[in-house]
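Observations on the three-dimensional arrangement
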Amino acid sequence: MTERFRPTLLLSMPQLQDPNFARTVVLLCDFVPEGAFGLVLNRPTEMPASSMVKLDPPLTEGNALPLCIGGPVEPERGWILVAEEPDESEYRTIREGIYLSASPRLLRRVLAARPAPRARVLAGYAGWGPGQLDAELAQSAWLMGEVDTDLVFDVEHSVMWETAIRRLGADPSALQTSHGVH
C-alpha cells in the first residue's frame, strides 16, 4: 500500500450469502497487510444493550440503545462508537464525528444517558486475515463507500444497507456480482 488507509464503509453485495454479512454495512476501521478489522453497523438485537451488557456494579436503569452484533469474531468483546469525542484517553478517532472505544467507563455513561446519545454499542467484530478481504473485494463481494456520520448514527438499522447503496447512486435490486476493472 502506497497511500495511508482511510476508514471506509463496506456494503455487502446482494449475492453475498454468508449470514454474518448478508445486507450489511461494515465500518472498516483497519486494512493493513496483516488483515482487516471492521464493525457491522446494522445488525441490532431485540434487547437493549443496557440489559445485556454486564457491568460491575450493574446498571440500575439504562436507556433503550440496542446491542448490535458487530461481527462474528469474539462476540464477548464489546465496542462503542460515539459521535461526540470522549473526554477520556481510551478511544480512537475513526474520523471526525466517529470515535471508537472499548472503555467500560464510557460504556456505562453511554448506556445510562437519557436520552440515549448518538452511539452504537456492539458485540464482536468483523475480522479478515492477510489477503482475505483483498480476495473478497476482487470477487466483487463488497462495494466501498464514504463514511458518513449520519449514516452511522442516525439511519435506522433496517434501511441502512439500502440507504448506503442508494447514496452511491446504485439501485440495490440492479446490483450483480462481476469482476470489475481494477
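Reference entry: report on the structure contained in this document. Since this is a predicted model, take the numbers as computed values, not measurements.

Looking only at helices and strands, the protein has five helices and ten strands in total. For 182 residues, the compact-globule estimate of 2.2 N^0.38 gives 16 Å, and the protein sits close to it at 16 Å. Viewed in the frame of its principal axes, the protein has a C-alpha envelope of about 55 × 35 × 25 Å. Each of the 182 residues in the protein was classed as buried or not, and the buried ones make up 44%. Expressed as a percentage of contacts within the protein between residues at least 6 apart in sequence, the contacts between residues at least 24 apart total 65%. Carbon and sulfur atoms make up 52% of the accessible area of the protein, which amounts to about 9900 Å² in all. For the protein, the distance from the average site of its 16 positive side-chain charges to the average site of its 24 negative ones is 3 Å.

Let us look at the nonpolar core. Counting 28 residues, the largest nonpolar core has Val 25, Leu 27 and Leu 81 as its most contacted members. Of all the elements in the fold, those that place two or more residues in this core are β1 (8-12), β2 (25-32), β3 (35-40), β6 (73-82), β8 (98-101), β9 (119-128), α4 (149-153) and α5 (157-167). With four residues, the top contributor of residues to this core is α5. Not counting residues within four places of it along the chain, the set of residues in contact with Val 25 comprises Leu 9, Leu 10, Leu 11, Leu 39, Val 40, Leu 41, Asn 42, Leu 151, Met 160, Trp 161 and Ala 164. If you look at the next biggest cluster of nonpolar residues, it comprises 15 residues, including Val 26, Ala 36, Val 40 and Leu 133.

What follows concerns the packing of aromatic side chains. Within a pair of aromatic rings, the relevant descriptors are the distance that separates the centres and the angle that separates the planes. Scanning the model with the defined rule gives eight aromatic pairs in all. Ring plane angle 90° and centroid distance 6.2 Å describe the contact between Phe 5 and Phe 31, whose orientation is recorded as edge-to-face. Here Phe 31 lies in strand β2 and Phe 5 lies in the segment before β1, a separation of 26 residues in the sequence. Classification of Phe 31 as buried rests on a relative accessible area of 11%. Considering the side-chain rings of Trp 79 and Tyr 125, the 6.2 Å spacing of their centres and the 90° angle between planes classify their relative orientation as edge-to-face. Here Tyr 125 lies in strand β9 and Trp 79 lies in strand β6, a separation of 46 residues in the sequence. Just as Trp 79 is buried, Tyr 125 falls in that class too. By the ring-pair criterion, three or more aromatic residues cluster together here, those being Phe 21, Trp 128 and Trp 142.

Our next topic: the environment of Thr 149. Tracing the chain through its elements places Thr 149 in helix α4. Not counting residues within four places of it along the chain, the set of residues in contact with Thr 149 comprises Arg 95, Glu 96, Gly 97, Ile 98, Arg 118 and Asp 154.

Now for helix α2 (residues 104-112). Side chains three or four residues apart in an α-helix point the same way, a direct result of the helix having 3.6 residues per turn. Within α2 the residues assigned to the buried category are Leu 106, Leu 107, Val 110 and Leu 111. Angular distribution of buried residues about the axis of α2 spans 130°; they occupy a single face of the element. Those residues of α2 hidden inside the fold are in contact with α1 (49-52), β6, β8 and β9. Capping the start of α2 is the job of one residue whose side-chain oxygen sits 3.2 Å from the backbone nitrogen of Arg 105: Ser 103.

We now examine the side chain of Ser 101. Looking at the secondary structure, you find Ser 101 in strand β8. For Ser 101, a relative accessible area of 2% gives the class buried. There is a polar contact of 3.0 Å between the side chain of Ser 101 and the backbone nitrogen of Ser 103.

Definitions and cut-offs
- Residues numbered from 1 in each chain as written.
- Predicted model: local features only at pLDDT ≥ 70, side-chain atom pairs only at ≥ 80, totals over all residues.
- Heavy atoms only, no water.
- Helix = DSSP H or I, 4+ residues; strand = E, 2+ residues; numbered from the N terminus.
- Rg over C-alpha atoms; globule rule 2.2 N^0.38 Å.
- Buried < 20%, exposed > 50% of the residue type's maximum accessible area, 1.4 Å probe, protein only.
- Contact = heavy atoms within 4.5 Å.
- Areas by Shrake-Rupley, 256 points an atom, 1.4 Å probe, with all protein chains shown as cover.
- Lys, Arg positive; Asp, Glu negative; His and termini not counted.
- Charge placed at Lys NZ, Arg CZ, Asp CG, Glu CD.
- Core = buried A, V, L, I, M, F, W, Y, C linked by side-chain atoms within 4.5 Å.
- Phe/Tyr/Trp six-rings, centres within 6.5 Å; stacked < 30°, edge-to-face > 60°.
- Arc of directions from axis to C-beta.
- Polar contact = N/O pair within 3.5 Å; in protein donor to acceptor, adjacent residues only side chain to side chain.

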